[in-house]
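# Architecture and fold: a report
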Amino acid sequence: MTTGNNLSDYEKEKDTFQWSDVEKVFSWHQTGKVNVAYECVDRHVEEGRGDKIALSYSDPVRSENITYEQLKQHSNRFANLLKRLHIEKGDRVFIFLPRTPEFYASFFGVLKIGAVVGPLFEAFMTAAVQDRLDNSEAVALVTTPQLLKRVPVDQLPHLKKIILVGGEDNQQLGHYSFEKGVFQESSDFSMEWVDLEHPMIIHYTSGSTGKPKGVLHVHHAMIQHYQTGKWVLDLNSDDIYWCTADPGWVTGTSYGIFAPWLNGVTNVIRGGRFSPDDWYQTLETNKVTVWYSAPTAFRMLMGAGDEVVEKYDLSNVRHIMSVGEPLNPEVIRWGLQVYKKRIHDTWWMTETGGIVIANYPQMEIRPGSMGRPIPGVHAAIIDDNGLELPPNTMGHLAVKTPWPSLMRSIWNNPEKYKEYFQIPGWYVSGDTAYQDEDGYFWFQGREDDVINTSGERVGPFEVESKLVEHPAVAEAGVIGKPDELRGQIIKAFIALRDGYAPSEELKKEIAAFVKSGLAAHASPREIEFKDKLPKTRSGKIMRRVLKAWELGLPAGDLSTLED
Ligand code: 6R9
């Protein structure tokens, strides 16, 4: 049961909390003018924390500690460079760089001049880069000579200035060397103060149809990043925090940049590729205390085995969180066993800008549930008419409008924006879920993923969670396959763990495992083994692609598909 002391803090805040109280933390409470880069960086210098390490960067060949004072200076120089290149307030400036210190200096430099920052995944190929720069009418790009090969410059009439990290000036082509540029500039900069509703960042995200959408957030969102950083990430000033997400994904900015730096912690950034040893080494070497990652990563770590964990000293890790896709109960149980910590699930979206539903550190965790809404935000399960549904009834997961970090528009696409708000008073997420009697939210699927087999509604997540409990299963993606008799049958695509070979016997064994462990109607009637499952760069299994494979249809926009 959840009654008792562990929820009391949460309940108290839930009743009394006002966002306007959070605003008082910031200087703009008096002036009315704001800049998120000031609050993330310069403010800490002014308040005497300039010598503190802001960014602890490492990759397999480079390692650097950057203080708040240095981050302020680097971003000031870059802001001055942008000014010299006549980039203006409100202009879109994209960053197409690996996760290096230059990324973060550029990021804050863009914000300091009041321009809108557009982070791109380093792994994007030409079409993905083109769609985003074109749609946003970006005027400047920070990139490297290697990545520039994937930028179709002649197709992008608005793109005038290209700043090259590790590259040369070439006036004719509009190329400017990052290093030369920042070297020439002063480390003093006078901040461009903007309105609370001034655009801050654009993240492109895929819907179920059409081109990626440019989700726009404004500076005011910072109060939610700051406050959820305290409540959910549990950040204290002496924390060493590591968010493993790439800044091309909203998690890598809201919680990889804004939340940690607004809270003045030391932020760990690890470049290079994922490997279990590398990640555990990163936790150990940096003495990470708070760790935010994603289910797909935890599943890979689980797949790598407990022996790998035991090689490292993870004793500093105090708090672990997850976001992005359903966190399988099996993963939570495993985490408790090997990390001796519960993994706390959180739910939110690119569009919500910040965490909406979470398992607070002090809350009892119900494995498989995403947790409860944060104070100051009202999330609910509603029907098509916007009526809130009783407990244990599946419906639309929706959030009452507005809240601070809600997106303010879809760039150049007001029609798409409206689609989210068709039920008056609500933002409708496109996820289905139910709430239990104690207000915990249980994810069921995307609206279009829920399977109806012989009249039984089955959430693919439930089946996938069960499947990954089988010792042979590394990852599983489940879809509804049209069926004459049953409407839909459940089909599972499965990637096996090392050491297991595909066979008909194994299929039968796995199906029986779900049947006996979950429900007969939830057991996959068809299983197909794959070497790898299609996933987004942020690690979500793309059921849409599985469905397209199954039906022999085009898979739609694949720009976020991991290679
Ligand atoms: C931050 C982020 C949003 C979609 C969302 C939902 C899925 C996110 C989840 C989760 C189950 C969780 N999702 N968190 N599903 N449990 N804890 O992920 O943003 O990339 O826009 O994705 O991801 O389907 O609607 P984004």
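Just so we're clear, the structure is a prediction, and the values are computed from it rather than from any experiment. (Residues numbered from 1 in each chain as written. Predicted model: local features only at pLDDT ≥ 70, side-chain atom pairs only at ≥ 80, totals over all residues. Heavy atoms only, no water.)

### Focus on unusual backbone geometry
- Residue P402 is bonded to the preceding T401 through a cis peptide linkage, with omega at -10°.
- Tracing the backbone shows P402 in the loop between β18 (395-400) and β19 (409-410). (Helix = DSSP H or I, 4+ residues; strand = E, 2+ residues; numbered from the N terminus.)

### Looking at the sheet that holds strand β16 (residues 372-373)
- Pairing in this open sheet of nine strands is mixed, and the strands run β2-β1-β11-β10-β12-β13-β14-β15-β16 from one edge to the other. At either margin of the open sheet sits one strand with a lone partner, and together these are β2 (63-67) and β16.
- Direction of pairing for strand β1 (residues 53-58) relative to strand β11 (residues 266-270): parallel, over a ladder of four bridges. If you follow S58 over to β11, its bridge partner there is R270. (Pairing = 2+ DSSP bridges.)

### Thoughts on the confidence of the model for the chain
- Predicted confidence across the chain gives a mean pLDDT of 92, with 97% of residues reaching 70 or more.
- Long-range and interchain partners of residues 1-5, a stretch whose pLDDT sits below 50, account for eight contacts in this model, where long-range means more than four residues apart.
- Quick note on the complex model: pTM equals 0.87, ipTM equals 1.00. (pLDDT = per-residue confidence, 0-100. Contact = heavy atoms within 4.5 Å.)

### So, the UniProt feature "domain: AMP-binding enzyme C-terminal" (unreviewed entry) in the chain
- Summarizing the sequence annotation, UniProt attributes the feature "domain: AMP-binding enzyme C-terminal" (unreviewed entry) to residues 462-540 in the numbering used throughout.
- Segment residues 462-540 splits into 28% helix and 32% strand. End C-alpha atoms: 15 Å apart. (UniProt positions renumbered as here; feature names shortened; annotations may be inferred.)

### Observations regarding the packing of aromatic side chains
- Inspection of every chain in the model, using the stated rule, returns 33 aromatic pairs.
- Between Y255 and W348 the ring centres are 5.1 Å apart and the planes differ by 75°, which places this aromatic pair in the edge-to-face class. Placement of Y255 in helix α11 (residues 251-262) and of W348 in the loop between β14 (343-347) and β15 (357-358) is noted, with a sequence separation of 93 residues between them.
- On the basis of relative accessibility, which here comes to 8%, the residue W348 falls in the buried class.
- Here the aromatic residues W242, F274, W279, Y280, W291, F298, Y312, W334 and Y339 are joined through ring pairs into a cluster of three or more.
- Between the NZ or CZ atom of K530 and the centre of the ring of W549, over which it lies, the distance is 4.5 Å. (Phe/Tyr/Trp six-rings, centres within 6.5 Å; stacked < 30°, edge-to-face > 60°. Buried < 20%, exposed > 50% of the residue type's maximum accessible area, 1.4 Å probe, protein only. Lys NZ or Arg CZ within 6 Å of the ring centre and 35° of its normal.)

### What about the pairing of strand β9 (residues 213-218)?
- By the criterion of burial, β9 is predominantly enclosed, with six of the six residues buried.
- Neither face of β9 is exposed, since K213, V215 and H217 on one face and G214, L216 and V218 on the opposite face are all buried.
- Pairing of strand β8 (residues 199-205) with β9 involves six bridges; the strand directions are antiparallel. Residue I201 lies in a different strand from β9, and its bridge partner there is H217.
- Of the strand pairs in this sheet, β9 and β19 are connected by two bridges, and their pairing is antiparallel. The residue bridging L216 from the neighbouring strand is S409, located in β19.

### Concerning the sheet that holds β18
- Taken in spatial order, the four strands line up as β17-β18-β20-β21 in an open sheet, and their pairing is antiparallel. For this open sheet the edge positions go to β17 (379-382) and β21 (441-446), each flanked by a neighbour on one side alone. Averaged over all pairs of adjacent strands, the angle between strand axes in this sheet comes to 50°, irrespective of strand direction.
- Alignment of β18 against strand β20 (residues 426-435), held across five bridges, turns out to be antiparallel. Directly across from H396, in β20, lies its bridge partner T432. (Axes fitted to C-alpha atoms, helices over the stretch in contact; angles between N-to-C directions.)

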